[in-house]
Amino acid sequence: MNVRIQPDGDGPGGTHAPAGGGRRTSRRTGPDDTPPSDRQLQGGHPTAARIHQPGAGRQQTTRRPDPPAPGPRPRSAPHPLRVESLRGFAPWAGAGLLLALAWVLAASSAQWQGSWGTTTMKLSTAAGIIGAPFALAAGAWQGGRECRLRMTELRASTVRTPLVQLLTAALPLACWLAAAYLTATAGALLACAPYASAGGPMPLVHAGTALSLAACAVLGHTAGRVAPFRLTAPVLAVCGYVVAGITTNHRSDLRYLTFAPVGFLGDAKLAVWWYPALSAAWVVGLAAAAVLAQAAYRRAGALLPLAVALVAAVLLVRTGDGLLRDNPLIHRQVCDDSTTPRVCVNATHPGLLPEVTHALSDLTGRLKGVQNLPVRFEDAGRSPRQDEAQLPILTPFGWNAVRGKVTDPERYAWEAVQALVRQDCGELPSERIQVTDEAVLRWLAPDSVSEGIREEYVAQARQHGDTEELARFRAQDEAYAHLTAMTDGERRTWLSGYFATATQCDPKPSEVPSL
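None of the values given here were measured: they were computed from a predicted structure.

Caption draft 1: Summary view of the overall build of the chain. The secondary structure content of the chain amounts to 19 helices and 12 strands. Considering only contacts in the chain between residues 6 or more positions apart, those separated by 24 or more positions represent 69%. A total accessible area of about 29200 Å² is found for the chain, and carbon and sulfur atoms account for 59% of it.

Caption draft 2: Representation of the pairing of strand S7 (residues 333–336) within the structure. Here S7 pairs with strand S8 (residues 342–346) via 4 bridges, running antiparallel. Looking at the pairing, valine 334 lines up with valine 345 of S8. Counting the residues between successive antiparallel strands, the hairpin from S7 to S8 contains 5 residues.

Caption draft 3: Highlighting unusual backbone geometry. Between threonine 340 and proline 341 the backbone carries a cis peptide bond, its omega angle lying at -10°. At the junction of threonine 395 and proline 396, the peptide bond is cis and its omega measures out at 0° in the coordinates. Relative to the assigned elements, proline 396 resides in the loop between strand S10 (388–390) and strand S11 (401–402). Its identity is not glycine, yet arginine 403 carries a phi of approximately 50°, on the positive side. With respect to the helices and strands, arginine 403 occurs in the loop between S11 and strand S12 (405–406). Taking relative accessible area as the criterion, arginine 403 reaches 31% and is therefore assigned partly exposed.

Caption draft 4: Looking closely at the side chain of arginine 376. Summarising the element assignment, arginine 376 is placed in strand S9 (residues 376–378). Here the side chain of arginine 376 touches glutamate 388 through a polar contact of 2.9 Å, side chain to side chain. Not counting residues within four places of it along the chain, the set of residues in contact with arginine 376 comprises Gln333, Cys335, Pro341, Arg342, Cys344, Arg382, Arg385, Asp387, Glu388 and Ala389.

Caption draft 5: Quick look at helix H12 (residues 303–319). With 17 residues, H12 should reach 24 Å at 1.5 Å per residue; the first-to-last C-alpha distance of 24 Å fits that figure. Summarising the contacts, the buried residues of H12 are in contact with helix H11 (275–295). Of the residues flanking the end of H12, it is glycine 320, one or two places downstream, whose phi is positive at about 60°.

Caption draft 6: Focus on the packing of H11 against H12. As a packed pair, H11 and H12 sit with axes 7 Å apart at the nearest point and diverge in direction by 150°. Between H11 and H12, the crossing angle belongs to the class labelled roughly antiparallel. Of the two possible hands of crossing, H11 and H12 adopt the one that is left-handed. Contacts between H11 and H12 involve Tyr275, Leu278, Ser279, Ala281, Trp282, Gly285, Leu286, Ala288, Ala289 and Leu292 from the former and Pro305, Leu306, Ala309, Ala312, Ala313, Leu315 and Leu316 from the latter. Counted by class, the contact of H11 with H12 contains 15 nonpolar, 2 polar and no charged residues.

Caption draft 7: Just the sheet that holds S9, in detail. In spatial order, the strands read S7-S8-S9-S10; together these 4 strands make up an open sheet with mixed pairing. In this open sheet, the two strands that pair with only one neighbour each are S7 and S10. Taken pair by pair, the neighbouring strands of this sheet meet at an average axis angle of 30°, ignoring direction. Strand direction decides the pairing type here: S9 and S10, joined by 3 bridges, are parallel. Each bridged residue has a counterpart across the sheet, and for arginine 376 the counterpart in S10 is glutamate 388.

Caption draft 8: The packing of aromatic side chains, seen in detail. Per the counting criterion, the structure on display carries 3 aromatic pairs. With centroids separated by 6.0 Å and ring planes inclined at 80°, the aromatic side chains of tyrosine 256 and tyrosine 275 adopt a geometry described as edge-to-face. Of this pair, tyrosine 256 sits in the loop between helix H10 (232–249) and strand S5 (269–271) while tyrosine 275 sits in helix H11, and the two are 19 residues apart along the sequence. Assigned by exposure class, tyrosine 256 and tyrosine 275 land together as buried. Taking the centre distance of 5.5 Å and the plane angle of 10° together, the rings of tryptophan 494 and tyrosine 498 count as stacked. With tryptophan 494 and tyrosine 498 both in helix H19 (residues 488–499) and 4 residues apart, this pair spans about one turn of that helix. By the burial criterion, tryptophan 494 is buried, and tyrosine 498 matches it. It is arginine 366 that lies over the ring of tryptophan 443; its NZ or CZ is 4.8 Å from the centre. The cationic tip of arginine 472 hangs over the ring face of phenylalanine 473; the distance from NZ or CZ to the ring centre is 5.1 Å.

Thresholds, definitions, all that
- Residues numbered from 1 in each chain as written.
- Predicted model: local features only at pLDDT ≥ 70, side-chain atom pairs only at ≥ 80, totals over all residues.
- Heavy atoms only, no water.
- Helix = DSSP H or I, 4+ residues; strand = E, 2+ residues; numbered from the N terminus.
- Contact = heavy atoms within 4.5 Å.
- Areas by Shrake-Rupley, 256 points an atom, 1.4 Å probe, with all protein chains shown as cover.
- Pairing = 2+ DSSP bridges.
- Buried < 20%, exposed > 50% of the residue type's maximum accessible area, 1.4 Å probe, protein only.
- Polar contact = N/O pair within 3.5 Å; in protein donor to acceptor, adjacent residues only side chain to side chain.
- Expected span 1.5 Å × (residues − 1).
- Axes fitted to C-alpha atoms, helices over the stretch in contact; angles between N-to-C directions.
- Parallel < 35°, antiparallel > 145°, perpendicular 65-115°, else oblique.
- Left-handed = near helix turned anticlockwise from the far one by under 90°.
- Nonpolar A, V, L, I, M, F, W, Y, C, P; charged D, E, K, R; others polar.
- Phe/Tyr/Trp six-rings, centres within 6.5 Å; stacked < 30°, edge-to-face > 60°.
- Lys NZ or Arg CZ within 6 Å of the ring centre and 35° of its normal.

Structural data, given as structure tokens:
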């Protein structure tokens, strides 16, 4: 089929003719061309078009193309807090503080395992001496990051306010450091729990200390932004360590202004419930005031947290030692009435009573049936009464007791015997009484260490030809042999007479039975 197209026509497939010609052009329609009649039927909508296939009398209707399959939704950018928390400096700083605290606690574990109070004191001291300077230095290093990377202009061009930018960078580090301290605390408490037998952990103290460390990180971050130098971090660390050391060892009430509460004395003292909150308010108030003064739109708002910090500081200093109270358990005794004398330990560590009783079992067995003995061995932390004898000191842990065990039972019994015989006498009694006392001590609590030292003295006396000293040693050996050769009944009778004068500093020689 041929279609004629006018020079200025607008027919299907038509073209405009050249400007100067009246020449008619023609072209043959292709198989995909649509006749003018069908174009009217389409109405401009492709789905209603009918197409005549060449050489065929049937018609087909075109289908609407399928819409494209939806692709994956574009992922939104992670929140800056998430980026700061999971990447960069903050996680490494938290790991560093955790390792430092873990090393200090592990190195001194024998001194705090078995006592909740001592464990709390060790954790608070480590937080004040190590944690606070570390947090100040880490915050300062983080705060000077933009200046070191020359990103100050880029940061200023963002839509976030300076206060939001500061908190976005500082809070992840503060949270990591607080989490590191709480992790070390949880590990220490779990290590202490199997051996502690009285009291309990102090969660308010540890929560206040963690909050104080977080505030130190924010305070150091603000200082790092104000003075973005590489030396700011080490200078703050040294200053924090010096201030912590001075305030901790200071005799006045200024020691309660440390950045972590360290004013605990093991099991002897307990903190009042509001002391940790007040100590944290002092540090948090300083940090909040520094942040608002440096980055807030209205810097006068820094006066409110500064006032809170000052009020907390005044209350800490004015209250002083009133922040601590005596542990009621320190004045109580837990006793084993099956022995003679009775064995009593302090109620702050009653779990040690079986261990102490076992360590003194040979001594109490040899004193069974003897008269004129003290009523009990006591561990009250005071001077014993007339009818009491002082036990060797069990605390602080790490010497006589470690992790719920008496470290050297033989030596412990020997030290307990010393409290039975003229312990507080300034002047020595007569030579014969000294020989008798030494024989009794050797028989009641034989000690290999003391015997070794005695043999060394004897060898030195022989080497120097000290006949007087050798005679004294021979007299002691004879008295000890005589006491050992007695029958049980004779020995009990003799020891009953001996202990009637054993606590007298200047007895008459005739009153002390001889050997």
